[in-house]
Amino acid sequence: MKFGVDRREATAASADAAAVGVFEIEGKDDRLPPSLALADKASAGLLAAAWKRREVKGKKRELTVLHRPDGRGRVLLVGLGAHADFTTDTVRRAAADVVRGLRGKGARTLAYQLTSFVDGPVTSSLASRALTDGSILGAYEFLRYRTTTEGGIEEAAVYLGEDRVAEERSLTGEVAEQTAIAENVLWTRDIGNLPADTATPERLADEARTLGKALGLKVTVFDEKQLAKMGCGGIVAVGSGSSHPPRLVILEYPGGTRRGRTVAVVGKGITFDSGGISLKPGPRMSEMKFDKSGAVAVLGILRAAATLKVAPRVIGVMCCAENLPSGTAYRPGDVVRTYNQKTIEILNTDAEGRVVLADGLGYVVDQYKPDEVIDLATLTGASVVALGDAMAGLVSTDDRLAGGLLLASAATGEPLWRMPLTDYARELVKSELADVRNSTEIPTAGMLTAAAFLEAFVGKTPWAHIDMAGPAWVNPVTRKYQPSYQSLGATAFGVRLVGRYLQDLGTSKG
Ligand code: BES
Ligand code: MN
Ligand code: ZN
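Keep in mind the model is a prediction, meaning the values are calculated, not measured.

A. View of the pairing of strand β4 (residues 74–79). Across the 6 residues of β4, 6 count as buried, placing the element largely inside the fold. Here strand β2 (residues 17–22) pairs with β4 via 6 bridges, running parallel. Note that in β4 the partner of V22 across the bridge is G79. Hairpin connection, strand β3 (residues 63–67) to β4: the antiparallel pair is bridged by 6 residues, and G71 has positive phi, about 80 degrees.

Shown next as C-alpha cells:
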C-alpha cells in the first residue's frame, strides 16, 4: 500500500473513501459535534440524520458507511470509543478496522481526516504514524498459496486540512519512516507464514544470506557439522531427528555510531515442533510451523535496524532446527553438552526451545561480549495460560533493559508483561545428573522455570527474555478478539517492539 500525506481536507479529495474518527457520545446531547461538520457537509446531511437516530455511536470497532449523494465516494465513520481511554493504539486499531472494512468493496483509495484522530495525548505526529501503521498492517494478507483475492485499499494518505497544513513537512517524514517500519513487518510475516516443508533451517539461513547481501550485513551460517565441532550439542540434538539439518545463523549490523552499545537479539527457530519423541497431541499441531517466530523476528529486527540505521550495534542470532521423532532423534534421558560446556538432562524432547537457545545465548555472549541480550521465543504454553493469546511475557535480570522494552511496548502496541525470576524457579531447573534439566518435576510456573533455565546460559550479561508463544500468531478463533492489525497467521510480533527499543537507544543513549 502506498501511504502519504496530503494538504487538502479529506472530504475535498476524490478518494473512494474519506475516513473520519468519531468519539463515543457522552451524555444525552444529540447535537452533531462540530468536528463532524465537514463530514456532514460531504454527506449532504446524511451524517446528521444518522447521528440523530443514534445509528452512529462512536463505539470502538463501529464502522458506518455513508455514500455521498454527490457521487464522490463514501464517508466512512470509525468509532474511537471514549475520550478518556483514547491512545495511539486506538488509532492504530481504528485504521486497521477501516482497511479491513473496505476490503472487497471496490474502494482503492482512502483519505484519513487527520484532525479527527488527534486528541489528548495523541498528537498529530502520533496519530499520523498510527494511521500509517494500522492501515498497512491491517491490509496484510498472506497470498502465496491463494489464487484469488478480494482486493482492497492500494493508496491511502493522511489529509491535513486547514488546521494542520503547517505540519506538512515534518509529518511527511514521519509517515515515510512509519511506512518503512510497517512494510518491514509485512516482509517478516511473509517468511513467518511459510510452512515447515518450505521454511527449513537451511531456507531460513538463505533468507539471512539474501538479506545480508541486500543490506551489507555480515552473515555467518554454521551447519550441523560445524555446530558439532563447536560444541553446540543442544542445537545438534534437537535437529537430529529431521532430514533437514539444523543451522545457527549470525547476522551483524555494525551500528550507526562508533561507540554505541552492542545488543544481541537471539531467536528460537524451530521450523516445526512436533514435540519429537515426546510427541505432541494431534489437534492444532499444524500451528507448530510458527515455532520459528522468534528467529524470523530476528531477521525482521536486523532488517529494521539496518534500514533505519539505529545507533547500537546489533548481533542477530537464529537458532534453527526441526523437532521431529525418528530413529536418529534425541530422546528423554539423554544428556547434551552445550557451547558453554554446561550439560542439560533431557527429560522431555518437547521442551526443545530452551535447548537450542542455550547454544545461541552461550555462543553470542562468549563471542561478542554484548552489553545486553534479548531473546525472543515461542517458548511455553504456560505463557499463553498465564497471559493469554495477545500478550508476551517478559523476564529480565536488568531493570533498565526491562523498562526500555516496556516503553517500546506501550509505543508500538505490542503487549508485554513483566514476570518475576525467582529462586524457586532456579531451584526447579537443577538436575541431579547434569547442570540443568529441560523439564521440571513440578510443572507449575512453566514460563518462569523456562526463563530460569535460559539464565544459566547468559551468565552476568544484562538479559531480557520475551516469551511470545501467545501473540506470535493468530488462528481463526482468536482472530476476532485481536486487533485488526494482527492478521491471520504469523504476526511478526517483536519486530516493531524491539525495533522501537533499538531506535530509542539511538536517541536517549547514555
Ligand atoms: N513450542 C512449544 C510452546 C508452545 C506451546 C507454543 C503451545 C505455543 C503454543 C514448546 O516447545 C513446548 O512444547 N513447550 C512445552 C514445555 C514443556 C514440555 C516443559 C509446553 O509448553 O508444554
Ligand atoms: Mn516443544
Ligand atoms: Zn517449541
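Here the narrative resumes.
B. Region of the structure containing the coordination of the manganese ion (ligand 2). The protein atoms that coordinate the manganese ion (ligand 2) are D273 (OD), D350 (O), D350 (OD) and E352 (OE), at distances of 2.1 to 2.2 Å. One can describe the donor arrangement at the manganese ion (ligand 2) as irregular, given that its 6 donor atoms subtend angles of 71 to 170 degrees at the metal. Site description for the manganese ion (ligand 2): donor spacing in sequence, D-x76-D-x1-E. In this structure, the manganese ion (ligand 2) lies 3.1 Å away from the zinc ion (ligand 3), the two metals sharing D273 as a donor. Within this pair, whereas D273 is found in strand β9 (residues 262–273), its partner D350 is found in the loop between β12 (343–345) and α11 (353–368), the two being separated by 77 residues in sequence. Of the residues examined, D350 reaches a relative accessible area of 22% and is grouped as partly exposed.

C. Representation of the environment of G21 in the model. Within the secondary structure, G21 is located in strand β2. We classify G21 as buried; its relative accessible area is 6%. Every residue in contact with G21, bar those within four places of it in the chain, is listed here: L36, V78, L80, S116 and F117.

D. Examining the site of ligand 1 more closely. Inspection of the region around ligand 1 gives 16 residues, with K280, D291, D350, E352 and G381 positioned closest. Contact between ligand 1 and K268: an oxygen atom at 3.1 Å from a side-chain N or O atom of the residue. Here G381 contributes a backbone N or O atom positioned 2.7 Å from an oxygen atom of ligand 1. If ligand 1 stood free it would expose 510 Å²; the protein chains cover 76% of that surface. For the shell around ligand 1, the residue count by class is 5 nonpolar, 4 polar and 7 charged.

E. Just the nonpolar core, in detail. By size, the foremost hydrophobic cluster in this structure holds 95 residues, and its most contacted members are L110, Y112, L131, L251, M318, I466 and L502. The element contributing the most residues to this core is helix α10 (residues 293–308), with 9 residues. Counting residues domain by domain, this core receives three or more from each of domain 1 (2–163) and domain 2 (188–507). Those residues in contact with L502 that lie beyond four places of it in its chain are V263, I301, A305, V310, P312 and V314. Core analysis: the second largest hydrophobic core is formed by 49 residues, C232, V266, I346 and L357 among them.

F. The arrangement of the pairing of strand β17 (residues 463–467) in detail. β17 sits mainly inside the fold: 5 of its 5 residues count as buried. Side-chain alternation along β17 places W463, H465 and D467 on one buried face and A464 and I466 on a second face that is also buried. Pairing of strand β13 (residues 372–377) with β17, which is carried by 5 bridges, proceeds in the parallel orientation. The residue of β17 that forms the bridge with V373 is W463. Pairing between strand β14 (residues 392–396) and β17: 4 bridges, direction antiparallel. Bridge pairing in β17 links L394 to I466.

Rules of the game
- Residues numbered from 1 in each chain as written.
- Chains lettered and ligands numbered in written order.
- Predicted model: local features only at pLDDT ≥ 70, side-chain atom pairs only at ≥ 80, totals over all residues.
- Heavy atoms only, no water.
- Buried < 20%, exposed > 50% of the residue type's maximum accessible area, 1.4 Å probe, protein only.
- Helix = DSSP H or I, 4+ residues; strand = E, 2+ residues; numbered from the N terminus.
- Pairing = 2+ DSSP bridges.
- Donors = N, O, S within 2.8 Å, 3.2 Å for Na, K, Ca; no water.
- Tetrahedral: all angles 85-135°; square planar, octahedral: opposite > 155°, others 65-115°.
- Contact = heavy atoms within 4.5 Å.
- Near = heavy atom within 4 Å.
- Polar contact = N/O pair within 3.5 Å; in protein donor to acceptor, adjacent residues only side chain to side chain.
- Areas by Shrake-Rupley, 256 points an atom, 1.4 Å probe, with all protein chains shown as cover.
- Nonpolar A, V, L, I, M, F, W, Y, C, P; charged D, E, K, R; others polar.
- Core = buried A, V, L, I, M, F, W, Y, C linked by side-chain atoms within 4.5 Å.
- Domains from an automatic or database assignment.

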